[in-house]
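Next come the chains, spelled out residue by residue.
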Amino acid sequence: HLSFSEAAALPLAGVTAYRALCTRGQLRPGETVLIPGIGGGVSTMALLFAKHRGARVIVTSSSNEKLAVARTLGADFGVNYREADWAEQIAQKYGRTPVDLAVDSAGADSLSQCVNLVRPGGRIVSYGATAGIASINIHKVFWRQLNLLGSTMGTEQDFREMVATVAAGKLRPIIDQVFPLADADKAHARMEQSAHMGKIILHIAD
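Here the structure is a predicted model, which is why all the values come from computation and not from measurement.

Points about helix H8 (residues 156–169)
Between its terminal C-alpha atoms H8 stretches 20 Å, which fits the 20 Å expected from 14 residues at 1.5 Å a residue. Restricting attention to buried positions, one finds in H8 the residues Asp158, Met162, Thr165 and Val166. Taken down its axis, H8 places every buried residue within 95° of arc, on the same side. Of the exposed residues in H8, the ones pointing more than 90 degrees away from its buried face are Glu156 and Ala168. Tucked into the core, H8 has its buried residues touching helix H2 (11–24) and helix H3 (41–52).

Now the structure itself:
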């Protein structure tokens, strides 16, 4: 059911999101998922997979426009992490520790706040550190018996399950823009500016 551009957007983002959310994170229907930094290819796929599994999804972004798009994709709540009280806003809406599973690619303060928001016995999956090294309150990790899991890319089995999930749900990767290969520099510039929502595609030829 995918176009060629959608199929091009799927493999790496899809398997990375699937492994973090489903294989490592063991997401179950009805759980609450936190996806910090919505906007990239992996995070948008994680949002689609989480909603397909029947989860409630909370997202964060530095862009109110991206938060608005995330809501159209099914996100239940979004908050701008440039606001100093963003974690408190989530806590006020859903309770002090409302998150069953957080899937984080940023590290730094984002991962630290995941530790604060995840319920006792909950899971945090880290699949990147784009914002830098995290400093976490280790006391909260052991006293609340949190599960901190690492993840990256995926196995052949993860890939098969991911493709089957996409086919069953008729899911479509979110595409930000398609650039001709000659404009690859413009595509890189858009990515470096964090202006994209979803995957950026390079079109080679018909």
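Some thoughts on the sheet that holds strand E5 (residues 118–126)
Pairing is parallel in the open sheet, where six strands are placed in the order E3-E2-E1-E4-E5-E6. Taken across any chain shown, the strands that pair with only one partner, and hence form the sheet edges, are strand E3 (77–80) and strand E6 (147–150). The sheet shows a mean angle of 15° between the axes of neighbouring strands, direction not considered. Of the pairings in the sheet, the one linking E5 to E6 comprises four bridges and is parallel in character. Looking at the pairing, Val125 lines up with Leu149 of E6.

Examining the nonpolar core
Ranked by size, the top nonpolar core spans 34 residues in total, and within it Leu21, Val33, Ile35, Ile38, Phe49, Val59 and Val103 carry the most contacts. Looking at this core, the elements with two or more residues in it are H2, strand E1 (32–35), H3, strand E2 (56–61), helix H4 (64–72), strand E4 (99–104) and H8. Non-local contacts of Phe49, meaning those with residues more than four positions away in its chain, are made with Gly14, Ala17, Tyr18, Leu21, Met162, Thr165, Val166 and Leu171. Membership of the second largest hydrophobic core comes to 17 residues, among which are Leu34, Trp86, Ile124 and Val141.

Side note on the side chain of Ser151
Along the chain, Ser151 falls in the loop between E6 and H8. Its relative accessible area of 10% is what places Ser151 among the buried residues. Beyond its immediate stretch of four places on either side in the chain, Ser151 contacts Arg19, Ala20, Arg24, Val125, Ser126 and Tyr127.

Details of the pairing of E3
Burial along E3 is two-sided: the face carrying Phe77 and Val79 and the face carrying Gly78 and Asn80 are both buried. Sheet topology places E2 next to E3; four bridges connect them, and they run parallel. The partner of Ile58 across the bridge, within E3, is Phe77.

A few points about unusual backbone geometry
Despite not being glycine, Gln26 shows a phi value in the positive range, around 50°. A positive phi angle, near 45°, is found at Ala108, a position not held by glycine. Turning to its location among the elements, Ala108 is positioned in helix H6 (residues 108–117).

Focus: the packing of helix H5 (residues 86–94) against H6
Following both chains from N to C, one finds H5 and H6 inclined at 25°, their axes separated by 10 Å at the closest point. What the angle tells us is that H5 and H6 run roughly parallel. The hand of the H5/H6 crossing is right-handed. Taken together, the residues of H6 that come into contact with H5 (itself represented by Trp86, Ala87, Ile90 and Ala91) are Asp109, Gln113 and Leu117. By residue class, the composition of the contact of H5 with H6 is five nonpolar, one polar and one charged.

About the cut-offs
Residues numbered from 1 in each chain as written. Predicted model: local features only at pLDDT ≥ 70, side-chain atom pairs only at ≥ 80, totals over all residues. Heavy atoms only, no water. Helix = DSSP H or I, 4+ residues; strand = E, 2+ residues; numbered from the N terminus. Expected span 1.5 Å × (residues − 1). Buried < 20%, exposed > 50% of the residue type's maximum accessible area, 1.4 Å probe, protein only. Arc of directions from axis to C-beta. Contact = heavy atoms within 4.5 Å. Pairing = 2+ DSSP bridges. Axes fitted to C-alpha atoms, helices over the stretch in contact; angles between N-to-C directions. Core = buried A, V, L, I, M, F, W, Y, C linked by side-chain atoms within 4.5 Å. Parallel < 35°, antiparallel > 145°, perpendicular 65-115°, else oblique. Left-handed = near helix turned anticlockwise from the far one by under 90°. Nonpolar A, V, L, I, M, F, W, Y, C, P; charged D, E, K, R; others polar.

Limitation: the analysis is restricted to geometry and does not speak to function.
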